[in-house]
Amino acid sequence: MGAALSPEKVLRDLAALWTSMAKQQSRDREAAGEPSAADGVLRACTMTLVVLAEESEDPTALGETIAALMPEHPARAILLRLHPDGPRALSERVYAQCWMPFGQRRQVCCEQVEITASDAALGDLPPLVLPLTVSDLPVILWCRAPRLTGMLEFGAMAGIATRVVVDSSAMPDAARALRLLQDLARNTPVGDLAWTGLTRWRAMLSQVFENRERLARIAGVARLRVAFSGTYETAARYLAAWISDGLRAAGAKPQVTVEPDAQVSTVRVELEGRGLRLALWRDGQRLMAQVDDSSQCTHLPPPGDYILMREELGIDGRDPVFEAALAEAAGLG
Amino acid sequence: MPTENPFQDPLRFERRVPECAVVIFGATGDLTRRKLMPALYRLAYDRRLSAGFAIVGISRRPLSDDAFRDQMREAVQQFSEDTPFDEGVWRAFAAGLFYMSGDIGDGGMFERLARKLAEVEAARHTGGNALFYLAIQPSQYAPAALGLGAAGLAKGNGWRRLVVEKPFGHDLASSRQLSDELHRVFPESEVYRIDHYLGKETVQNILAFRFGNGIFEPLWNRRYIDHVQITAAESIGVEGRGSYYQEAGALADMIQNHLLQVMATMAMEPSAGFTADAVRDERAKLLRSIKPMTPDEIRCNTVPGQYGPARIGGEDVPGFRQEPGVDAQSQTDTYAAVTFFVENWRWAGVPFYVRTGKRLPKRVTEIAIQFRRAPLAIFGKENTGLPPDLLIVRIQPEEGISLKFLAKRPGAGMHLRPVSMDFNYGTSFGERSPSAYETLLLDAIIGDATLYTRQDMVEASWAAVEPIQDVWRNTAWNFPNYAAGTWGPPEADAMLARNGHVWRKP
């Protein structure tokens, strides 16, 4: 372990890893009496995924999340594990995540680099990470450590990414978090897992207005109330922003309220107006919608990091609907 | 009043699926049980269906709604290959399943269907939209469509669409007659002729590969491509469908529809946009450009085959003529190989070898595009005779694309060897690929006909295939001419050898 860590060495280690895996595969095939020439280890890569996490985070759980993402979003994963104390120090190791797709003979592998650094060495990370990113493919920075987003060095890391993903619900002050994200989004496309977690909610609400009769009544909506509890303020602001934007586009002029409510377990949305009454809320593992006299229910367990990141990694570049909601939510009083 | 839902997010939401009732004629049949119901259940499982969704099954057998639900539950459990059975999802899905018995020849049945649909619409809020799916004998297509028309069901307060399965006629005249009869009730834009090959992920990927990338299209012509081989091989026999297959044969069952559609997708010109009509116009144009063959050309450029008995894997396998329901002197082709030529500037002179057969060594469907060799062999005698560059588009199994090219073997000297660069759909996008029926059913509900065949495409295919059929019917073949478990008759090898080519063994 030391302050100096060479990207060339990491890349050499990665190349050696692939060579050894190919040799091993070849030996295994020969041992099984199968020809080895045509088949080998398949390397799959569609992006570089840089994960910024606290060293104190459970490495097994995080490793499992990254491994689960790989089959759908094969990537060179660079896991940066940070500890706040200690001298300016960096260390690394390389390894591969492999899987055998169902019904197929070839093993597919993605490479992973893990770098441990102290906060004092944070400034050393961007010049180390930049040469490790895979050329010509997107670089996604997933910041799991909220405290880092406020640090100066975070801007340099974000600068090498084509997209930055954070989770604003883990940040203590919702209004400040949204403003910070808005600033970040000026330079780099941004994703927020607090918003990602609302996709099913939004889809369910959108589905209500696929019905022509209900769509015809949308302009009559006079009141929008989004109530929240605990850490769901950001989610509530996002929903209020997105819904009020949609209502205004349809000609409604709703009065918008976003407020804490001890009776609500996460978030509750209520729309009221001429000929239309809608409520949307979570009930345990289910998402419920009540529209006038009819109700709908869909199975929706609270999404984990894997589900949320899976969706985020499917988006290249900017997300205009999110950015509009972010701008609106940051401006909500 | 707004006409567009303002709460759309196309980047994150799945495609909008309108409310509708799917009416399945032939609801207790094999197609419904094996393909349609598992596909619809999977769509429900993935939350792809609208809340206002219902299925009305129609068949001759009297059944209650509940008995029908039980049968469909069994079918979904038995035939959903990669979808977990979720009791909660099933309960919600089954609440939208309804059944009525009736005969297509009985006009009263359609009147009852109209009443049933009105009830279902009120109970399930299906918005007046209806998709009529004919999973029945082809001879019943026209009577079913005419019955729907007579009962006023082809029009309503929502959209009305008709889905028909192949075969679309048994020759050019009968396909025209069928279209004419369907058009008496449904306009062509509302007729969805399903060809499940076009719903396969890799077939759609051909379009992405060709027209989403700039690097392949410049090579996609007679100057760089030597020839194309399209193979659809099945390792199984007729599996109890002997009497049906005896009437159809490999040429009509596979080449006229599936494989010519695949060939058209592979060889068509770029469309102006990715709209249903723009893509289908180009496919149709390509099919119309297939050179019609004279009887002499047919004898030279086509090979029919029929499998004989063999012993495979220690088991005796019957020949086609020994299969139940098959005439002991049957002249039906269980194998067909055809060399097509496309008469346009891009493809003039490039042979498209298309083959299909039953009881071949393995189940595989692929397109192999063989490129011309480098114009000059500069690496010495030891490097001559190496395989040419090949682009393989695998449609099933293991959907994907491979590029085989030559590279220097590591070490001293300049020795070349073929290497393979692979894109595998399953491994590059670990997500499960939807089945062809899921894709196509959803497309029909949404109203996207891009992957459906149009009347002019069907007619152009028949125009290419019918002359071959005529010559084959008027020839007494010395069948069987290939043993089960082999790659077809030797005459098919000879057909390629005449052009200096050999069939790939996929």
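Right, let's walk through the structure included here. Within every chain, residues take consecutive numbers counted from 1 along the sequence as written. Each chain gets a letter, beginning with A, and each ligand a number, beginning with 1, in the order they are written. Totals for whole chains, interfaces and linings use every residue, but because this is a predicted model, local features are given only for residues with pLDDT of at least 70 and side-chain atom pairs only at 80 or more, for both listing and counting. Excluding hydrogens and water, the side-chain figures rest on all heavy atoms present in the structure.

1. What about the packing of helix α6 (residues 172-183) of chain B against helix α14 (residues 455-473) of chain B?
All names here are of chain B. Put simply, the test is: Axis geometry follows a simple rule: fit a line to the C-alpha atoms, using only the stretch in contact for helices, then measure angles between N-to-C directions, giving values from 0 to 180 degrees. Under the scheme used here, helices are H or I runs from DSSP no shorter than 4 residues and strands are E runs no shorter than 2 residues, and both carry numbers assigned from the N terminus. The cut-offs work like this: below 35 degrees is roughly parallel, past 145 is roughly antiparallel, 65 to 115 is roughly perpendicular, and the gaps in between are oblique. By convention, the crossing between two helices is left-handed when the near helix turns anticlockwise from the far helix through less than a right angle, and right-handed when the turn is clockwise. Whether two residues are in contact is decided by their heavy atoms, any of which lying within 4.5 Å being enough. Residue classes follow a fixed rule: Ala, Val, Leu, Ile, Met, Phe, Trp, Tyr, Cys and Pro count as nonpolar, while Asp, Glu, Lys and Arg count as charged, and any other residue, Gly among them, counts as polar.
Here α6 crosses α14 at 165°, and the two axes come no closer than 9 Å. When the axis of α6 is compared with that of α14, the two are roughly antiparallel. For the crossing formed where α6 meets α14, the hand is right-handed. Residue-level inspection shows L172, A173, S175, R176, S179 and H183 of α6 in contact with α14, the latter providing Q455, V458, E459, W462 and E466. Of the residues in the contact of α6 with α14, the class split is four nonpolar, four polar and three charged.

2. Let's talk about the packing of aromatic side chains
Cut-off, in case you're wondering: When the centres of two rings from Phe, Tyr and Trp lie within 6.5 Å, Trp using its six-membered ring, the rings pair. Their planes under 30 degrees apart give stacked, over 60 give edge-to-face, and anything left gives tilted. Burial status follows relative accessibility: with a 1.4 Å probe on protein chains alone, a residue under 20% of its type maximum counts as buried, one over 50% as exposed, and anything between as partly exposed.
Counting across every chain of the model gives 25 aromatic pairs over all chains. On the basis of an interplanar angle of 45° and a centroid distance of 5.5 Å, the ring pair of A:F209 and B:F7 is categorised as tilted. Taken as a pair, A:F209 in the loop between α8 (199-208) and α9 (212-216) and B:F7 in the segment before β1 (20-25) lie in two separate chains rather than in one. Across this residue pair, the class does not change: A:F209 and B:F7 are buried. Arranged with centres 6.3 Å apart and planes meeting at 65°, the rings of B:Y307 and B:Y482 form a pair that is edge-to-face.

3. What about α8(A)?
Of all ten residues in α8(A), seven are buried, a share of seventy percent or more. Of the residues making up α8(A), those classed as buried are A:T199, A:W201, A:R202, A:M204, A:L205, A:S206 and A:V208.

4. Overview of the interface of chain A and chain B
This is how it is decided: A simple way to read buried area is as the amount of 1.4 Å-probe accessible surface that goes missing from two parts once joined, with both sides added. We define a salt bridge as a side-chain nitrogen of Lys or Arg found within 4 Å of a carboxyl oxygen belonging to Asp or Glu.
Taken together, the 46 residues of chain A in the interface contact 28 residues of chain B. Here chain A packs against chain B, burying approximately 2,900 Å² in sum over the two surfaces, 53% of which is carbon and sulfur. Taken together, chain A and chain B are joined by four salt bridges. For B:R12, the salt bridge identified is with A:D319, shortest N-O distance 2.8 Å.

5. Things to note about the side chain of B:R160
Residues and elements named next belong to chain B. Note the following rule: Positive charge is attributed to Lys and Arg, negative charge to Asp and Glu, and no charge count is given to His or to the chain ends. Pairs of N or O atoms are called polar contacts if they sit within 3.5 Å, as long as, within protein, a hydrogen donor faces a hydrogen acceptor (for residues adjacent in sequence, only side-chain-to-side-chain pairs).
Its place among the elements puts R160 in strand β5 (residues 160-165). No salt bridge is formed by the buried R160. Its closest oppositely charged neighbour is E121, at 5.0 Å. Here the side chain of R160 touches G128 through a polar contact of 3.1 Å, landing on its backbone oxygen. Non-local contacts of R160, meaning those with residues more than four positions away in its chain, are made with G128, A130, F132, L153, A154, K155, F186 and E190.

6. Brief notes about unusual backbone geometry
Looking along the chain, the bond that leaves B:K166 and enters B:P167 is cis, with omega of 5°. Checked against the element boundaries, B:P167 lands in the loop between β5 and α6. At the junction of B:F479 and B:P480, the peptide bond is cis and its omega measures out at -5° in the coordinates. One can find B:P480 in the loop between α14 and β18 (482-483). The backbone phi angle of A:D136 is positive, close to 65°, even though this residue is not glycine. In this fold, A:D136 is placed in the loop between α3 (125-129) and β6 (139-143).

7. Section: a nonpolar patch on the surface
We count it as follows: What makes a patch is a set of residues exposed beyond 30% relative accessible area and free of salt bridges, joined within 9 Å when like-charged and within 5 Å when nonpolar (Val, Leu, Ile, Met, Phe, Trp, Tyr). Values of accessible area rely on a 1.4 Å probe in the Shrake-Rupley scheme; residue burial ignores everything except the protein chains shown.
A surface patch of nonpolar side chains, about 410 Å² in accessible area, is lined by B:L376, B:I378, B:F379 and B:M414. Its place among the elements puts B:L376 in the loop between β14 (364-371) and β15 (390-396).

8. Observations concerning the side chain of B:T32
Residues and elements named next belong to chain B. Summarising the element assignment, T32 is placed in helix α1 (residues 30-45). In this structure T32 comes out as buried when scored by relative accessible area, which is 0%. Looking at T32, its side chain comes within polar contact range of the main-chain oxygen of G26, at 2.7 Å. Other than its neighbours up to four places away in sequence, T32 contacts I24, G26, A27, M37, P38, M72 and A135.

9. Describing the pairing of strand β3 (residues 75-83) of chain A
Residues and elements named next belong to chain A. As a reminder of what qualifies: Whether two strands pair comes down to DSSP finding at least two bridges between them. Think of it like this: strands point away, you trace from the first strand over the helix to the second, and a clockwise trace means the crossover is right-handed.
Burial analysis of β3 places eight of its nine residues in the buried class, the great majority of the element. In terms of strand pairing, strand β2 (residues 47-54) meets β3 through eight bridges, oriented parallel. Bridge pairing in β3 places M47 opposite A75. In terms of handedness, the path from β2 via helix α2 (residues 59-69) over to β3 forms a crossover that is right-handed.

10. Some words on the sheet that holds strand β13 (residues 286-291) of chain A
All names here are of chain A. An order of β10-β9-β11-β12-β13-β14 is seen for the six strands of this open sheet, with the pairing classed as mixed. Every interior strand has two partners, whereas the edge strands, β10 (255-260) and β14 (294-299), have only one. Sheet twist, expressed as the average angle between the axes of neighbouring strands with direction ignored, equals 10°. Taken together, the six bridges between strand β9 (residues 221-228) and β10 define a ladder with parallel strand orientation. Opposite F228, over in β10, you have P260 as the bridge partner. Strands β11 (267-273), β12 (276-283), β13 and β14 of the sheet are contacted by α8, whose axis makes an angle of about 155° with β12. Packing against the sheet, helix α10 (residues 233-249) makes contact with β9, β10 and β11, and its axis sits at approximately 170° to β9.

11. A few points about helix α6 (residues 174-187) of chain A
Residues and elements named next belong to chain A. The cut-off we apply is this: In a helix, the anticipated span is given by 1.5 Å times the number of residues less one.
With 14 residues, α6 extends 21 Å between its outermost C-alpha atoms, agreeing within 8% with the 20 Å of an ideal straight helix rising 1.5 Å per residue. A174, A175, A177, L178, L181, L184 and A185 are the residues of α6 that are buried. Capping of α6 at its N-terminal end is provided by D173; its side-chain oxygen lies 3.1 Å from the backbone amide nitrogen of A175.

12. Side note on the packing of helix α5 (residues 141-150) of chain B against α6(B)
All names here are of chain B. Running from amino to carboxyl end, α5 crosses α6 at an angle of 15°, the nearest separation of the two axes being 8 Å. Comparing their axes, α6 and α5 come out roughly parallel. Crossing handedness for the pair α5 and α6: left-handed. Between α5 and α6, the residues in contact are Y141, A142, A145 and L146 and L178, E181 and L182, respectively. Grouping the amino acids of the contact of α5 with α6 by side-chain chemistry returns six nonpolar, no polar and one charged.

13. Quick word on the sheet that holds strand β6 (residues 191-194) of chain B
All names here are of chain B. What the six strands build is an open sheet, ordered β3-β2-β1-β4-β5-β6; its pairing is parallel. Two strands in the sheet have a free side with no partner beyond their single neighbour: β3 (97-101) and β6. Strand-to-strand twist across the sheet, computed as the mean angle between neighbouring axes with direction ignored, equals 20°. For β1 and strand β2 (residues 53-59), the ladder comprises six bridges, and the chain directions are parallel. Bridge assignment links V22 to a residue of β2, and that residue is I55. Docked against the sheet, α5 engages β1, β4 (130-134) and β5, running at close to 170° with respect to β5. Set on the sheet, helix α13 (residues 436-446) makes contact with β1, β2, β4, β5 and β6; between it and β5 the angle comes to about 150°.

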